[in-house]
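# Per-entry structural report
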Amino acid sequence: MSETVGELLKSLSNRDIEALKSIYDHRCLTVNQIYELHYKKSARGNGEIVSDAYCKKKISEFLELGIVEKVEHLGEDVMFLTTKGVDLIRHCYDLPANIYDYNQGVIRRGYYRASELKITPKYISHQLKLNQFLIDFKLKEHDIYWKYYDEKYISQFRNIRPDGLLTMFDVDFFIEIDMATESKKQLYDKWDNYRRFLDSQEYEYIERKIVVLFIIENTANPQARIDLVKHTLGARLMDKIDSNFEIYVGTKEDMLGIIDEKIEVINGKKKDFNDEIFTAMANHGFSVALGEKLKNIFNGIEYDFYCRKIDENNHVVIENNRIQEFIVDSYKLQPFSVLKKIAFLSLSNVYFSEKLGRKLSYIVVGESEESLYRDLKIMDLLVVDNVYYTTLDRLKNRPFYKALFQFDFLGNIHSFKDNGLDDREFEFNVAEQIAEKEKETNYGASEY
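Summarised in this report is the structure supplied together with it.

Here is what the cut-offs are and how they apply
- Residues numbered from 1 in each chain as written.
- Predicted model: local features only at pLDDT ≥ 70, side-chain atom pairs only at ≥ 80, totals over all residues.
- Heavy atoms only, no water.
- Helix = DSSP H or I, 4+ residues; strand = E, 2+ residues; numbered from the N terminus.
- Buried < 20%, exposed > 50% of the residue type's maximum accessible area, 1.4 Å probe, protein only.
- Pairing = 2+ DSSP bridges.
- Contact = heavy atoms within 4.5 Å.
- Axes fitted to C-alpha atoms, helices over the stretch in contact; angles between N-to-C directions.
- Parallel < 35°, antiparallel > 145°, perpendicular 65-115°, else oblique.
- Left-handed = near helix turned anticlockwise from the far one by under 90°.
- Expected span 1.5 Å × (residues − 1).
- Salt bridge = Lys/Arg side-chain N within 4 Å of Asp/Glu carboxyl O.

Phi angles above zero are rare outside glycine, and Ala180 is one such case at about 60 degrees. Here Ala180 is to be found in the loop between strand S8 (171-178) and helix H8 (184-198). According to the relative accessible area criterion, Ala180 is partly exposed, its value standing at 29%. Phi is positive for Asn314, which is not a glycine, with a value near 65 degrees.

Let's shift gears to the sheet that holds strand S18 (residues 406-407). Spatial strand order, S18-S19-S20: three strands in an open sheet with antiparallel pairing. Either end of the sheet is taken by a strand with one partner, and the two such strands are S18 and strand S20 (424-429). In the sheet, S18 pairs with strand S19 (residues 412-416) via two bridges, with the strands oriented antiparallel. Within S19, the residue paired with Gln406 across the bridge is His414. Where helix H18 (residues 430-440) meets the sheet, it contacts S18, S19 and S20, and its direction lies at approximately 5 degrees from that of S20.

The packing of two helices is summarised by the inter-axis angle and the distance between the axes. Where helix H3 (residues 31-39) meets helix H4 (residues 53-65), the closest approach of the two axes is 10 Å, and the angle between their N-to-C directions is 110 degrees. Between H3 and H4, the interaxial angle falls into the category roughly perpendicular. The interaxial crossing formed by H3 with H4 has right-handed handedness. Of H4, the residues touching H3 (which contributes Val31, Ile34, Tyr35 and Tyr39) are Tyr54, Cys55, Lys56, Lys58, Ile59 and Phe62.

A sheet is described by the order of its strands in space; here five strands give the open sequence S6-S7-S8-S9-S10, paired in mixed fashion. Lying at the two open borders of the sheet, with one neighbouring strand each, are strand S6 (146-150) and strand S10 (245-251). Here the average twist between neighbouring strands, direction ignored, is 20 degrees. Pairing of strand S7 (residues 164-168) with S8, which is carried by five bridges, proceeds in the antiparallel orientation. Bridging from a neighbouring strand, Met168 pairs with Val171 of S8.

Another aspect to go through is the pairing of S8. Burial analysis of S8 places eight of its eight residues in the buried class, the great majority of the element. Side chains of S8 alternate between two faces, with Val171, Phe173, Ile175 and Ile177 and Asp172, Phe174, Glu176 and Asp178 buried alike. Between the antiparallel neighbours S7 and S8 lie two residues, among them Phe169 with a positive phi of about 50 degrees. Note that S8 and strand S9 (residues 209-216) share eight bridges and pair parallel. Its bridge partner lying in S9, Val171 is registered against Lys209.

Spanning 13 residues, helix H2 (residues 14-26) covers 18 Å between terminal C-alpha atoms, matching the ideal 18 Å at 1.5 Å per step. Most of H2 sits out of view: ten of its 13 residues are buried. Within the sequence span of H2, burial applies to Arg15, Asp16, Ile17, Ala19, Leu20, Lys21, Ser22, Ile23, Tyr24 and His26. Once H2 ends, the next one or two residues include Arg27, with phi positive near 75 degrees.

Each α-helix turn comprises 3.6 residues. Residues three or four places apart therefore point the same way. Taking burial as the measure, the eight residues of helix H13 (residues 336-343) include six buried ones, the bulk of the element. For H13, the complete set of buried residues consists of Phe336, Ser337, Val338, Leu339, Lys341 and Ile342.

It is worth spelling out the pattern of salt bridges at this point. In the structure shown here, the tally under the stated rule is 35 salt bridges. Measuring nitrogen to oxygen at the nearest pair gives 3.2 Å for the salt bridge that ties Glu7 to Lys10. Remark: Lys10 and Glu7 occur in helix H1 (residues 3-10); sequence separation between them is three residues, near one turn of the helix. Lys309 serves as the salt-bridge partner of Glu319, at 3.4 Å between the closest nitrogen and oxygen. Highlighted residues: Glu319 in strand S13 (residues 318-319) and Lys309 in the loop between strand S12 (305-308) and S13, separated in sequence by ten residues.

As structure tokens, this is what we get:
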């Protein structure tokens, strides 16, 4: 132990060292972020919330010791480690001088120098938004094992570089922070880069599922930005999305909600949206099978459910001249894999006709008529043969034929008069509802 590090350790508590390690891991942190992570709760362990005065005092001591340096950014003090601070972290956490990188096949330094962790002023806001997402996740204190890597520390992938990587269960969550500054062309370039990754040999051998969380920040009109991002994504990457690679686009709260729900369902604290669909379809008289077990029948495509009504002879029932047989997917939180299946259903039905002797109809269960309409309109998928929509509420509380609906190009919603699903009944115009809401919130029309 060097004399300098030894002297520093006399002035620092374990909590102080952990705070410094957080600055190293996140590259930089604001004073408030350090407070939220390390000093907000009393050191006595009784859960008592203390003021930020103590944290500010500790930051002043760090500055005097020369282990952090301050950068003023948009009215906030942002802390970076100095060379002395990195040396302290190297000692306390036994960071090696060199490591062998198996993924890259090279020997590299086992730590980053202070100069390498520095961020130009132009990108500090982006880094702080990324850090805040992780801090908000961490402070939820989920009882699970997880690991986070900032972009600087990601070594698992050669051909793609998300802003951050959060791993848990069998999923790698790629974190992408969008500051609403990239042009349409730059967004196209981003998705083209993802396309090259999905075409690479590296992706072919990846065993974990990848979920991209594309987080919209820095805009007073998040929905307009979400619409633009989805439009560019659909144009460049739609055909590559499947059950092993998924993308969600939304606000920070939306993305945290996705992770929260996955954790709660796995831990048995919340009923899965799909379980509720299963029950609702069964209540309508359908025999429900999990689609993942029937991928070979569906040309390798994984749907959530295969539902059919069967008689005592195990034949599929025909009602009002329509065979009562459907493939069903959840559209919870608008996954792009479902949009892809809608777009390519006509091609899939060529295969189904050859394999099964008939086309299949597709039911998509969303959270609301409005969210379904907005995304389908962006993707130019409003009217597709053999595709029907519903919500969980409709499916639970209406006759089957009234639960299902279709859109027309004007935004009108039509349900049906019977299970033949031919005679339609007008319900309301969802486009007008959306326009009214946007007018109230001064959003106006999205442009893409």
